[in-house]
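Reading the structure
Single-letter residue listing:
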Amino acid sequence: MMTENFAFRLLACERNARHGEILTSRGIVRTPAFMPVGTTGTVKAMYMEQVRELGTDIILGNTYHLMLRPGAERITRLGGLHKFIRWNGPILTDSGGFQVMSLAGLRKLNENGVIFQSHIDGAYYEMTPERSIEIQGLLDSDIQMQLDQCIALPASLDEMQRAMEMSLRWAERCKIAFGLQSGKAMFGIVQGGDDEKLREYSAQALKMMDLKGYAIGGLAVGESQEVMLRVLDFICPLLPNKKPRYLMGVGTPDDILRSVACGIDMFDCVMPTRAGRHGLAFTRFGKINLLNVRHAEDPRPLDEQSSCPAARGYSRAYLHHLVKSGETLGGMLLTWNNLAYYQQLMQGIRDAIEEGRFAAFDTEVRTLWTKGDIPVYCG
């Protein structure tokens, strides 16, 4: 089902956990949803057809990286990001704010925006709220994010307040720049570090802007999981019940389960693709490090019950060999496995919420992780 108007509908709830659908002009996003990260127009080590076949409804693109290379104007001349990368489903683009703020000595922040040096060639660019939205429009993404100032935790109260207030002023400018775009949405980003009063102020101010969705930023930036969950427990009830909630840059399967229990609908993280390229597999049994020598003569697949060919069709011994040899195929297969596991986890979460058994599903998943995978040696 497609629609000319962007909309969100709740289908089922279990306590704070929510199952719903985001309706866009390019298709439905089932929530809770995990968005594979396609930083530069590619989900690393994957074909887009594979990504779709795993059950992915939406992917993420990165404004900062795409504006530098190959350039937003070039992409729009070539028909937009969807056509350029051969992905016909919805795309969310982040604003580029996190990457720009991470440049440290290579950027200068002021009220108008950020002047920064490219990490590629040292050329200077200016990223303003208006330019961020313009770039995302040129990319033709379906969900666009406001430009915000993201700071690492821990931080002083004054620093968190200044960044939060700047982000609110930039959100207003982004909303004006975005205007009315049929079938698309701009999300605001709740900031305020780990201070509840600042987070509440940010959330209430963004609600007054009546945006199509709300992200929670400034987490997974150095704080503990305990702090992250405390912020989520506090902030989720303050956000509109009938609009999607997006936790940016999170995370591990454990982070996802706990955040869904708080009321989060959308996630993105480089973890499954990055881990796969470094020899780490996510499975029903927990994490499996294929660099470990104990896998050198193990004929078993990662998970013989998985629907993913990478998980059930190759021995751990072969995967160990590929990873130890630095073969590209090793990273490709493990990334395939990892994204399959993440999407299977999300489908399990959605089914469990719909059937009123999310708490039981959470316990089942954690129990299997705790039991782990009994190693079998050959020879």
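The present account deals with the structure reproduced in this document. (Residues numbered from 1 in each chain as written. Predicted model: local features only at pLDDT ≥ 70, side-chain atom pairs only at ≥ 80, totals over all residues. Heavy atoms only, no water.)

1. Some details on helix 15 (residues 358-371)
Taking 1.5 Å per residue as the helical rise, helix 15 with its 14 residues ought to reach 20 Å, and the 20 Å between its terminal C-alpha atoms agrees with that figure. All buried positions along helix 15 are accounted for by Phe358, Phe361, Asp362, Val365 and Arg366. Down the axis of helix 15, the smallest arc covering the buried residues is 125°, so these residues share one side. With respect to the buried face of helix 15, the exposed residues turned more than 90 degrees away are Glu364, Thr370 and Lys371. Residue Gly372 follows helix 15 closely and has a positive phi angle near 70°. (Helix = DSSP H or I, 4+ residues; strand = E, 2+ residues; numbered from the N terminus. Expected span 1.5 Å × (residues − 1). Buried < 20%, exposed > 50% of the residue type's maximum accessible area, 1.4 Å probe, protein only. Arc of directions from axis to C-beta.)

2. Points about the side chain of Arg173
With respect to the element layout, Arg173 can be found in helix 7 (residues 157-178). Polar contacts involving the side chain of Arg173 include one to the main-chain carbonyl oxygen of Asn112, which spans 3.0 Å. Setting aside anything within four residues of it in sequence, one finds Arg173 in contact with Glu111, Asn112, Thr128, Pro129 and Glu130. (Polar contact = N/O pair within 3.5 Å; in protein donor to acceptor, adjacent residues only side chain to side chain. Contact = heavy atoms within 4.5 Å.)

3. Section: the packing of aromatic side chains
Inspection of every chain in the model, using the stated rule, returns 7 aromatic pairs. Their ring planes at 20° and their centres at 5.8 Å tell us that Phe116 and Tyr125 sit as a pair that is stacked. Consider the rings of Phe282 and Tyr342, whose centres lie 5.6 Å apart with planes at 85°: the pair is edge-to-face. With Phe282 in strand 16 (residues 280-283) and Tyr342 in helix 14 (residues 328-354), this residue pair connects regions lying 60 residues apart in the sequence. (Phe/Tyr/Trp six-rings, centres within 6.5 Å; stacked < 30°, edge-to-face > 60°.)

4. Digging into the pairing of strand 3 (residues 27-31)
Where strand 2 (residues 17-24) lies against strand 3, 5 bridges are found, and the strand directions are antiparallel. Bridging across to strand 3, Gly20 finds its partner in Thr31. Joining the antiparallel neighbours strand 2 and strand 3 is a turn of 2 residues. (Pairing = 2+ DSSP bridges.)

5. Notes on the sheet that holds strand 15 (residues 266-268)
Pairing is parallel in the open sheet, where 9 strands are placed in the order 4-15-14-13-12-11-7-6-5. The open sheet is flanked by strand 4 (33-35) and strand 5 (37-38), the only strands paired with a single partner. In this structure, strand 4 lies alongside strand 15, joined through 3 bridges in parallel fashion. Bridged to Phe34 within strand 15 is Phe267.

Function cannot be read off these values alone, since they describe shape.
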